[in-house]
Amino acid sequence: MKRKIISIDEDKCTGCGACIPDCPEGAIQLIEGKARLVSDLFCDGLGACIGTCPEGAITVIEREAEAYDEKAVMATIVRQGEAVIRAHLEHLAGHGQRELYNQAIEYLIEHESSIPYHDVTVSSPESAKSDNHLFAACPGTAAQSIKRDTHGHRVPSANMESELRQWPVQLTLLNPSAPYFDNADLLIAADCVPFAFAGFHTEFLRDRIVIIFCPKLDADLDGYVAKLSEIFSLHTIQSITVARMEVPCCGGVRHVVDRALEQSGKTIPVTEKTVTIQGGLK
């Protein structure tokens, strides 16, 4: 097929390797002192490597090339760790590559790999469109059916006790001076977690004070940072457990907590729990 792909001018290339870190897909390698395109399958043709070449040796051309394979690229990227996964997702999002981005997210979910919190801002309104649809900023909004065994054993709710120790629970409604925060172990959870994780009360909520909010839909995240910071400052907090969903937008829960800790100047141990859409734990 004919498509856009990078071309490296061997005469201009000095082998400095500056282009290598900006190609998380692994399409470029240094071989015999020169940068080489090692596989058409791994080059998406978006040119992230161009800006870092000091010699101007890399350009994007159009030629016959094997189709880019996002799933094959993800198999390579996942082995390189969270920072490289984040860079690749932001690379796709920044260029408005909605279809490839969603394929990457699907790969991570299928292989039960963590989806790191990342920026999904597109570089321009024009690049935000693909197939006449706006770029999907969060795969957590994609409709999914979850199959359950409707004939399995169910514990009657009357035999279970609530582990809730305070009211209210939503961060907007909480009073930072409330006495139940004294010497508390906090559970700071995304709104969706109790619905997805069946063991929420027994495994997460027991012996903890709970705070819930949604980092995607709630508008005043700066206000949340300020309120959490005030709670941390006014009380001795023993520990913080962050419970979030696996979708990337839910990573904002930890981001808000980290900012509040920095603002308060407090050092409090934080444990993060990630719940899958299917209701499991990562």
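Residues numbered from 1 in each chain as written. Predicted model: local features only at pLDDT ≥ 70, side-chain atom pairs only at ≥ 80, totals over all residues. Heavy atoms only, no water.

Things to note about the nonpolar core
Point 1. Counting 42 residues, the largest nonpolar core has L186, I188, F200, I211, L228, F232 and I240 as the members making the most contacts within it.
Point 2. Broken down by secondary-structure element, the contributors of at least two residues to this core are β7 (184-190), α4 (193-196), α5 (200-205), β8 (209-213), α6 (221-234), β9 (237-245) and α7 (252-264).
Point 3. Of all the elements, β7 adds the most residues to this core, at 6 residues.
Point 4. If near-sequence neighbours (up to four positions away) are discounted, I211 is found in contact with V169, L171, L174, F181, L186, L187, I188, A189, L228 and I231. (Core = buried A, V, L, I, M, F, W, Y, C linked by side-chain atoms within 4.5 Å. Buried < 20%, exposed > 50% of the residue type's maximum accessible area, 1.4 Å probe, protein only. Helix = DSSP H or I, 4+ residues; strand = E, 2+ residues; numbered from the N terminus. Contact = heavy atoms within 4.5 Å.)

Focus on the packing of helix α1 (residues 70-78) against helix α2 (residues 82-94)
Point 1. Taken N-terminus to C-terminus, the directions of α1 and α2 make an angle of 150 degrees; their axes are 9 Å apart at the nearest point. Between α1 and α2, the crossing angle belongs to the class labelled roughly antiparallel. Viewed along their axes, α1 and α2 form a crossing whose handedness is right-handed. For the pair formed by α1 and α2, the contact residues are E70, V73, M74, I77 and V78 on the first element and V84, I85, H88 and L92 on the second. (Axes fitted to C-alpha atoms, helices over the stretch in contact; angles between N-to-C directions. Parallel < 35°, antiparallel > 145°, perpendicular 65-115°, else oblique. Left-handed = near helix turned anticlockwise from the far one by under 90°.)

Some words on unusual backbone geometry
Point 1. A cis geometry characterises the amide bond from W167 onward to P168, with omega recorded as 0 degrees.
Point 2. Assignment of secondary structure puts P168 in the loop between β6 (133-134) and β7.
Point 3. With a phi angle near 55 degrees, E32 is a residue other than glycine that sits in the positive phi range.
Point 4. In this fold, E32 is placed in the loop between β2 (28-31) and β3 (34-37).
Point 5. Look at E32 and you get exposed, because its relative accessible area is 74%.
Point 6. In this model, D207 sits at a positive phi of 65 degrees, which is unusual for a non-glycine residue.

So, the state of the cysteines
Point 1. According to the stated counting rule, one finds 0 disulfides in the structure shown.
Point 2. Counting only cysteine sulfurs, C49 is the nearest neighbor of C19, a cysteine outside any disulfide, at a range of 6.3 Å.
Point 3. Residue classification places C19 among the buried residues on the basis of a relative accessible area of 6%.
Point 4. The closest cysteine sulfur to the non-disulfide-bonded C23 is located on C49, 6.0 Å from its own sulfur. (Disulfide = S-S within 2.5 Å.)

Side note on helix α3 (residues 98-110)
Point 1. Across its 13 residues, α3 extends 18 Å between first and last C-alpha, which sits within 8% of the 18 Å expected from 1.5 Å per residue.
Point 2. The complete set of buried residues in α3 reads R98, L100, Y101, N102, A104, I105, Y107 and L108.
Point 3. Once α3 ends, the next one or two residues include E112, with phi positive near 50 degrees. (Expected span 1.5 Å × (residues − 1).)

Quick notes on the pattern of salt bridges
Point 1. In the structure shown here, the tally under the stated rule is 10 salt bridges.
Point 2. Measuring nitrogen to oxygen at the nearest pair gives 2.9 Å for the salt bridge that ties R86 to E82. Of this pair, R86 and E82 both sit in helix α2, 4 residues apart, which is roughly one turn of that helix.
Point 3. Overlapping salt bridges, with partners in common, bring together R244, R254, D258 and E272 in one network. (Salt bridge = Lys/Arg side-chain N within 4 Å of Asp/Glu carboxyl O.)

Quick word on the sheet that holds β7
In sheet architecture, strand pairing relies on hydrogen bonds along the backbone and comes in two forms, parallel and antiparallel.
Point 1. Within the open sheet, the 4 strands sit side by side as β8-β7-β9-β10. Their pairing is parallel. The strands lining the two open edges of the sheet, one partner per strand, are β8 and β10 (270-275). Averaged over all adjacent pairs, the angle separating strand axes in this sheet is 20 degrees, with direction ignored.
Point 2. Bridge count for β7 against β8 is 5 bridges, and the pairing is parallel. Residue pairing across strands places I188 opposite I211, the latter belonging to β8.
Point 3. Packing against the sheet, α7 makes contact with β7, β8, β9 and β10, and its axis sits at approximately 155 degrees to β9. (Pairing = 2+ DSSP bridges.)

Observations concerning α2
Point 1. Over its 13 residues, α2 runs 18 Å from end to end, which matches the ideal 18 Å to within 8%, given 1.5 Å per residue.
Point 2. Buried within α2 we find V84, I85, H88, L89, H91, L92, A93 and G94.
Point 3. Against the buried residues of α2 lie α1 and α3.

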